[in-house]
Amino acid sequence: MAFFLDEIDRDLWTYLKSTDKKIVLYGMGDGAEKIKAVLDEREIAVADIMASDDFVRGQSFLGYRVKKMSEIEDEYGDDIIILVCFGSQIPEVTEHIYNIAGKHELYAPNVPVIGEGVFDLEFANANKSDLQKVYKLLADEQSQKVFENVIRYKLSGDLKYLRECETPADEKFDLLEIGTEEIVVDLGAYDGDTLAEFLNGTSMQFKKLYAMEPDDKNYRKLKRRLYMIGSALLEAYNVGAWDEDTTITFNMRAGRGSTASGGKHRAARYRDIKMMKTDTMLQGEPATYIKIDVEGAEENALRGAKETIAKYRPKLNVALYHRNEDMFRLPLLISELNKKYRFYMRHHPYIPDWDTNLYCI
């Protein structure tokens, strides 16, 4: 039976290079800058930039005057391709995007949150063997559907593939078979939002909570949010998850985007941050559930927990969307660390594929 990649002969970037339609970017910010950079590199012209009507105030972005949707429609009619350049899981926002897709040709180009290059057809074919290995590891039909649909989305930018395979976010608690007396490790704890979700979703069925968060402000919010738990049940560390105990330069921009940087201090937002292995934090003690969402450092974090994973086989919840290679490299690494895992893949409602996760049991 042929692998589904064999059926695909064109990616979004190839199509955009060949079209005569006007290409319009929808959104302002990092996503638009990244997508514009890829288009420029491939000599694909952008006609205009638009934003939602509530955000248009006569501003300019990347040298373009930002226009409303109605202006774009008046100027070009149906002769446009709209490229979504931002992410959201807010139902009203995602529904608005799908409504636009019902009227106009619309795509959400997949560019990595972290790292260079794009997940185009050349990249997929170069890593076809590893992608096939992961497909065979997956434990149920839904996981295989998610895997195939997310890759089809990455190549085409077509949001229908994400919508066809999404499932509710709270499904993970049943899928992971969360029970009583869980020992939880949250790597990339942010402000405690996912720990709070865990507590609410599992009726506080836990024995111990560990958390790592490198950003000072987020760490303080985390401590305030979970103050009622007490130090006997919560151990929170103002560090990043890594594969060794060290100090590295970190980009401490606000929000979830704190990322490691190998370069010199280029601005005040870059700081030296302590990094720690999960194995060091646990000191040989067990964990039953580890969540890893560390803005592109998932491979490092997994390697830093290799002793715990090999010895205790904790249930794993791993983000798969930060880097182009995450879809195959992370599952294969986990399989190497402990061959007893069953692998499940799910995509929860989000545009683009930013809530695609691997659940290992």
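Note that this is a predicted model, so its numbers are computed, not measured.

## Structural notes on the side chain of His 348
Then comes step 1: Locating His 348 in the fold gives a position in the loop between strand E16 (343-347) and strand E17 (356-360).
Then comes step 2: Taking relative accessible area as the criterion, His 348 reaches 1% and is therefore assigned buried.
Then comes step 3: Within the structure, His 348 has its side chain in polar contact with the backbone oxygen of Thr 167 (distance 2.9 Å).
Then comes step 4: A polar contact is formed between the side chain of His 348 and the backbone oxygen of Pro 168, at a distance of 3.2 Å.
Then comes step 5: Filtering out sequence-adjacent residues up to four positions away, His 348 remains in contact with Glu 166, Thr 167, Pro 168, Ala 169, Glu 171, Asp 355, Asn 357 and Tyr 359.

## Quick notes on the pairing of E16
Then comes step 1: The buried fraction of E16 is high, at five of five residues.
Then comes step 2: Across five bridges, E16 lies against E17 in antiparallel orientation. The partner of His 347 across the bridge, within E17, is Thr 356.

## Things to note about the layout of surface pockets
Then comes step 1: The volume enclosed by the second largest pocket comes to roughly 440 Å³.
Then comes step 2: Lining the second largest pocket are 19 residues, and of these Tyr 26, Ser 52, Phe 55, Phe 86 and His 96 sit closest to its centre.
Then comes step 3: With five residues, helix H4 (residues 91-103) is the single largest residue contributor to the lining of the second largest pocket.

## Some points on the sheet that holds strand E8 (residues 206-212)
Then comes step 1: A sheet is described by the order of its strands in space; here seven strands give the open sequence E9-E8-E7-E14-E15-E17-E16, paired in mixed fashion. With partners counted over all chains shown, the strands left at the sheet margins are strand E9 (234-237) and E16, one partner each. Averaged over all adjacent pairs, the angle separating strand axes in this sheet is 15 degrees, with direction ignored.

## Some remarks on the pattern of salt bridges
Then comes step 1: Applying the stated criterion across every chain, the model contains 24 salt bridges.
Then comes step 2: The partner of Glu 325 in a salt bridge is Arg 329, with the nearest N and O atoms 3.9 Å apart.
Then comes step 3: Look at the salt bridges and you will find they share partners, linking Glu 299, Arg 303, Glu 325 and Arg 329 into a network.

## What about empty space enclosed by the protein?
Then comes step 1: Scanning all chains against the criterion turns up two cavities of 30 Å³ or more.
Then comes step 2: Size it by volume and the second largest cavity reaches roughly 40 Å³.
Then comes step 3: In terms of lining, the second largest cavity is formed by Asn 110, Val 111, Pro 112, Val 113, Lys 154, Tyr 321, His 322, Arg 323, Asn 324, Asp 353 and Trp 354.
Then comes step 4: In terms of residue class, the lining of the second largest cavity is built from five nonpolar, three polar and three charged.

Procedures and definitions
Residues numbered from 1 in each chain as written. Predicted model: local features only at pLDDT ≥ 70, side-chain atom pairs only at ≥ 80, totals over all residues. Heavy atoms only, no water. Helix = DSSP H or I, 4+ residues; strand = E, 2+ residues; numbered from the N terminus. Buried < 20%, exposed > 50% of the residue type's maximum accessible area, 1.4 Å probe, protein only. Polar contact = N/O pair within 3.5 Å; in protein donor to acceptor, adjacent residues only side chain to side chain. Contact = heavy atoms within 4.5 Å. Pairing = 2+ DSSP bridges. 1 Å grid on protein atoms, 1.4 Å probe; cavity = no way out; pocket = protein on both sides within 12 Å on 5 of 7 lines; lining within 4 Å. Points joined across faces, edges and corners; volume = space filled by probe spheres on them. Axes fitted to C-alpha atoms, helices over the stretch in contact; angles between N-to-C directions. Salt bridge = Lys/Arg side-chain N within 4 Å of Asp/Glu carboxyl O. Nonpolar A, V, L, I, M, F, W, Y, C, P; charged D, E, K, R; others polar.

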